[in-house]
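# Remarks on the overall topology
What follows is each chain in one-letter form.
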Amino acid sequence: MSRAGAPPIPDEISRRFLLERFAEYLELELGSSPRTREAYLRDLALLATWASERHRVSGAAALEAAHLREWIYEQKDQGRAATTIKRRISALRTWYRFLLAEGVVKADPSEKLESPRGWRRLPDVLTVQEVERLIDAIPLEDEMAFRDRALLELAYGAGLRVSEWCSLAVKDVLLDELVVRVFGKGGKERLVPIGRKAAGAVGMYLRELRPRLERGQGEGRLFLNSRGRPLQRMTAWTILKKLVERSGVTKPVTPHTLRHSFATHLLEGGADLRAVQEMLGHADISTTQLYTHVDRERLRQVHRQFHPRG
C-alpha cells in the first residue's frame, strides 16, 4: 500500500496490521483529511515495523499494552517532539476503535497510555566545565567583554530568568553583601546570593564599562547595549548564541539552560531543596523537585545506551 507524498508501507505490514482497511475506515467512516490519514498510517506503520522486528509481533491482535508503552517511551528517549508523540497516541487510539469495531481485539490496550501533557520534561543542563567554556569564550579584546562576562556570571551565578537579566537595576546589585535583589514573575521580590566571581565581574563592568555606555537613557538598568539603552531579551539571547558557537559547546543552550544548570549544580553539591526553591523563586516546590530527577534520568540513559541488556 502506498500513498502520494509518503514512503510506501510494505504490503506484509499493511496486511498483518490491517492498515489498508484502517485507511478506508479513516476516509469513509470518520471523514478524516488526507493529511491526517497519511500521518496516522505512517505512525502505525512505524509501530508495526518496530513491533515485528523488536518483539516478533505477528499482527494487530498480538500487540500488548507493554509493547505500546515501550514504543511510546522510546519516542520520548529519542527526543521526539511532544506534539509528534501526542499524534501517535491519537493514531493508536483511533486504530484501536477500528480494531474493536472489527472484532479483531476485545480490549483497548492504548487506553492507559499517558499523554505528553502529563510528562515533566527534564531540562537541558550544562556541566560545570561547559559553563566555564562559555564564559572563557568571551573575547577579551571585544569592547563589550566586561558586560558580557558580568551577564553570564550573574545569569549562572544567581539562576536568573532572561527577563530578570534585562530588568535588573544597578541599585539591585548589593556587591558588598554578595546579594542581588530580583523581581521575578508577578513582581515577586527575592534576594539571591552570588559568588565572588560573579560579584567581581559585575564590579568590573560597573567600574570600567557601564559609565561609558550610560548616556542618560539607561533607565537605571544594570545591563545596557552599545547605544546606552537597556539590554533587550533578544539581544541577550543573541549574545549567548554567539558565545555558544565560539565555545564549541554542542548542546542546545538557551538563557534558561544557565538557570537549569545553576539549580542542578547546587543540588548535586548537596544544597537543600527549599533553599534552591527560594533562590529560583518557585512558588511550588514540586517545580524545583524536577531538578532532583536529572541525575537519575541521566543514569538511566547511560544504562540504556551502554549496558548489553539495556
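Residues numbered from 1 in each chain as written. Predicted model: local features only at pLDDT ≥ 70, side-chain atom pairs only at ≥ 80, totals over all residues. Heavy atoms only, no water.

Before going further, it helps to spend a moment on the pattern of salt bridges. In the structure shown here, the tally under the stated rule is 19 salt bridges. Here Arg190 ties to Glu164 by a salt bridge, and the two come within 3.0 Å at their closest N and O atoms. Of this pair, Arg190 sits in strand 3 (residues 189–193) while Glu164 sits in helix 8 (residues 162–167), and the two are 26 residues apart along the sequence. Accessibility classification places Arg190 together with Glu164 in one group, the buried group. (Salt bridge = Lys/Arg side-chain N within 4 Å of Asp/Glu carboxyl O. Helix = DSSP H or I, 4+ residues; strand = E, 2+ residues; numbered from the N terminus. Buried < 20%, exposed > 50% of the residue type's maximum accessible area, 1.4 Å probe, protein only.)

We now examine the nonpolar core. Grouped together as the largest cluster of nonpolar side chains are 53 residues, with contacts concentrated most on Leu134, Leu154 and Trp165. Within the residue set of this core, elements represented by two or more residues are helix 6 (128–136), helix 7 (145–158), helix 8, strand 2 (179–183), helix 9 (196–208), helix 11 (233–247), helix 12 (255–268) and helix 13 (273–280). Per-element accounting of this core gives the leading share, 8 residues, to helix 7. Aside from chain neighbours lying at most four places away, what touches Leu134 is Leu126, Leu152, Leu240, Leu243, Val244, Ser247, Val253 and Leu258. (Core = buried A, V, L, I, M, F, W, Y, C linked by side-chain atoms within 4.5 Å. Contact = heavy atoms within 4.5 Å.)

What follows concerns helix 13. Burial in helix 13 covers these residues: Leu273, Val276, Gln277, Met279 and Leu280. One side of helix 13 holds all its buried residues, which, seen down the axis, span an arc of 165°. In helix 13, the exposed positions that point more than 90 degrees away from the buried face belong to Arg274 and Glu278. Two to three positions downstream of the cap, the backbone nitrogen of Arg274 sits 3.0 Å from a side-chain oxygen, assigning the N-cap of helix 13 to Asp272. At the exit of helix 13 stands Gly281, carrying a positive phi of roughly 80°. (Arc of directions from axis to C-beta. Polar contact = N/O pair within 3.5 Å; in protein donor to acceptor, adjacent residues only side chain to side chain.)

A few words now on a negative patch on the surface. On the surface, a cluster of negative charge is made up of Asp11, Glu20, Glu24 and Glu27. By residue number, the principal contributor to the negative patch is helix 2 (residues 19–29), which donates 3 residues. Among the structural elements, Glu24 can be located in helix 2. (Patch = residues over 30% accessible without salt bridge, like charges linked within 9 Å, V, L, I, M, F, W, Y side chains within 5 Å. Areas by Shrake-Rupley, 256 points an atom, 1.4 Å probe, with all protein chains shown as cover. Lys, Arg positive; Asp, Glu negative; His and termini not counted. Charge placed at Lys NZ, Arg CZ, Asp CG, Glu CD.)

This paragraph deals with the pairing of strand 2. Regular strands place their side chains on alternate faces of the sheet. For strand 1 (residues 173–174) and strand 2, the ladder comprises 2 bridges, and the chain directions are antiparallel. Bridging across to strand 2, Leu174 finds its partner in Val179. Hairpin connection, strand 1 to strand 2: the antiparallel pair is bridged by 4 residues, and Leu178 has positive phi, about 55°. When strand 2 meets strand 3, the two strands line up antiparallel, connected through 5 bridges. Following the sheet pairing, Phe183 is matched in strand 3 by Glu189. Where strand 2 folds back on strand 3, the antiparallel hairpin that results is connected by 5 residues, among which Gly186 adopts a positive phi of roughly 70°. (Pairing = 2+ DSSP bridges.)

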